[in-house]
Amino acid sequence: MIEILSVKAWALETRFFNRMAPIVLRGLSEGRDLTSLITKQDQLDKPEVEAGQVYRVGTNLHYSSENGYHYLGDNETAISRTLLKGTVTKDGGACSYGTKKLGEKLRIADENKNVSAHIIEIDSPGGSVDGTPEFASIVAGLSKPVVAFVDSMAASAAYWIASQTSHIVTNPLNYTEVGSIGTLAIMTNEREYLKKEGIKVEIMRATKSVDKARLNTVEEWPEASLEEYQQYLDSINSDFIRAVNKGRNGKLATYGEDIFTGKMYDQKRALALGMIDRIGTLEDAIATARLLSRKAKTKTTT
């Protein structure tokens, strides 16, 4: 758990971070597992659609695990569905499938000749930086159009991923927000507490291992190590900002507003700033994916 808190960089929405920080710190003192804590505090359902079942989504629009989203009578439209829910992690286990598994799923769907486009449904406060750039790169590199449908929140790492899609649609029937473009690390030092409790901890290092685990929980943090870690976070954040700018491909129209400070934006403001493309329902997002796929086919054949 110490390594997770002091070494991993996170791209999380601020309010989620503020809610989770005391839970994580309490768990540290109790020697509990971080992943189980997050899972219990941020539990989200991941319903599976059983094979052979067909669900009606909208007018003439249906969904099945075999065919994805499809319109009855339209044999050319099959749109894959990917859920990005809860905390973003590479291997999953914190209320969401991991980005590694989601990336594999999208690649397989992209190779399916019956799939014409992709929908990524997002409701996430963000999560670990580990795995996010790779998954975002997969999304950006898909051969077929990708539309993100945001229902409630696409913050931080989740917006990093959403920004790599062809089109972002947000749900007007919910208080949907996007943004929190920023990077942080959760760090804690128990040195003074242990001293107060009369507990002395000594860390023995091999003679050559002078830089081993300098940012730990029981020793004073060297200024040089803090500066080095700050540079590490700044480097990740620069990659984050660069990816958003590239993914939005000239659509951002901030007019002096600095959207890269970690601030969240409601969907109306986000639309005005070019952070999203449309405010609409899931059915609107699917219709957009269908339209983009048809345009791509027309462009290919002409």
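Residues numbered from 1 in each chain as written. Predicted model: local features only at pLDDT ≥ 70, side-chain atom pairs only at ≥ 80, totals over all residues. Heavy atoms only, no water.

A. Fine view of the packing of helix α4 (residues 99-111) against helix α5 (residues 132-141). Packing of α4 against α5 leaves a shortest axis separation of 9 Å and a crossing angle of 15°. With respect to their mutual orientation, α4 and α5 come out roughly parallel. Crossing geometry of α4 relative to α5 is assigned as left-handed. Residues Thr-99, Leu-102, Gly-103, Leu-106 and Arg-107 of α4 pack against Phe-135, Ile-138 and Val-139 of α5. The residue inventory of the contact of α4 with α5, partitioned by class, reads five nonpolar, two polar and one charged. (Axes fitted to C-alpha atoms, helices over the stretch in contact; angles between N-to-C directions. Helix = DSSP H or I, 4+ residues; strand = E, 2+ residues; numbered from the N terminus. Parallel < 35°, antiparallel > 145°, perpendicular 65-115°, else oblique. Left-handed = near helix turned anticlockwise from the far one by under 90°. Contact = heavy atoms within 4.5 Å. Nonpolar A, V, L, I, M, F, W, Y, C, P; charged D, E, K, R; others polar.)

B. Structural view of the pairing of strand β6 (residues 117-124). Within β6, seven of the eight residues are buried, which leaves it mostly tucked inside the rest of the structure. Summarising the sheet, strand β5 (residues 79-85) and β6 pair through seven bridges and their orientation is parallel. The residue of β6 that forms the bridge with Thr-82 is Ile-120. With six bridges connecting them, β6 and strand β8 (residues 146-155) associate as parallel partners. If you follow Ile-119 over to β8, its bridge partner there is Val-147. (Buried < 20%, exposed > 50% of the residue type's maximum accessible area, 1.4 Å probe, protein only. Pairing = 2+ DSSP bridges.)

C. Summary view of α4. The first and last C-alpha atoms of α4 sit 18 Å apart over 13 residues, in line with the 18 Å expected at 1.5 Å per residue. Among the residues making up α4, those that are buried are Thr-99, Leu-102, Gly-103, Leu-106, Ala-109 and Asp-110. Seen end-on, α4 carries its buried residues on one side only, within an arc spanning 130°. Exposed and facing more than 90 degrees away from the buried side of α4 are Lys-100, Ile-108 and Glu-111. (Expected span 1.5 Å × (residues − 1). Arc of directions from axis to C-beta.)

D. Seen up close, the nonpolar core. Among the nonpolar cores identified, the biggest contains 33 residues, and Leu-84, Ile-122, Tyr-159, Val-178 and Met-275 are the most heavily contacted of them. The set of elements that each furnish at least two residues to this core consists of α4, β6, α5, β8, α6 (157-162), α8 (223-248) and α9 (267-273). Core analysis: the second largest hydrophobic core is formed by 14 residues, Tyr-69, Tyr-71, Ile-119 and Ala-285 among them. (Core = buried A, V, L, I, M, F, W, Y, C linked by side-chain atoms within 4.5 Å.)

E. Spatial organisation of the environment of Ala-287. Structurally, Ala-287 can be placed in helix α10 (residues 282-301). Its relative accessible area of 33% is what places Ala-287 among the partly exposed residues. Through-space distance from the C-alpha of Ala-287 to that of Tyr-71 is 9.9 Å; in sequence the pair is 216 residues apart.

F. Broad picture of unusual backbone geometry. Look at Ser-180: it is not a glycine, yet its phi comes out positive at around 55°. In this structure, Ser-180 sits in the loop between β10 (177-179) and α7 (191-196).

G. Focus on the environment of Val-129. You can see Val-129 is positioned in the loop between β7 (126-128) and α5. Separated by 111 residues in sequence, Val-129 and Phe-240 have C-alpha atoms that sit 9.4 Å apart.

H. Structural view of α5. Among all positions of α5, only Thr-132, Phe-135, Ala-136, Ile-138 and Val-139 are buried. Burial along α5 is one-sided: seen end-on, the buried residues are contained in an arc of 155°. Opposite the buried face of α5, by more than 90 degrees, sit the exposed residues Glu-134 and Gly-141.

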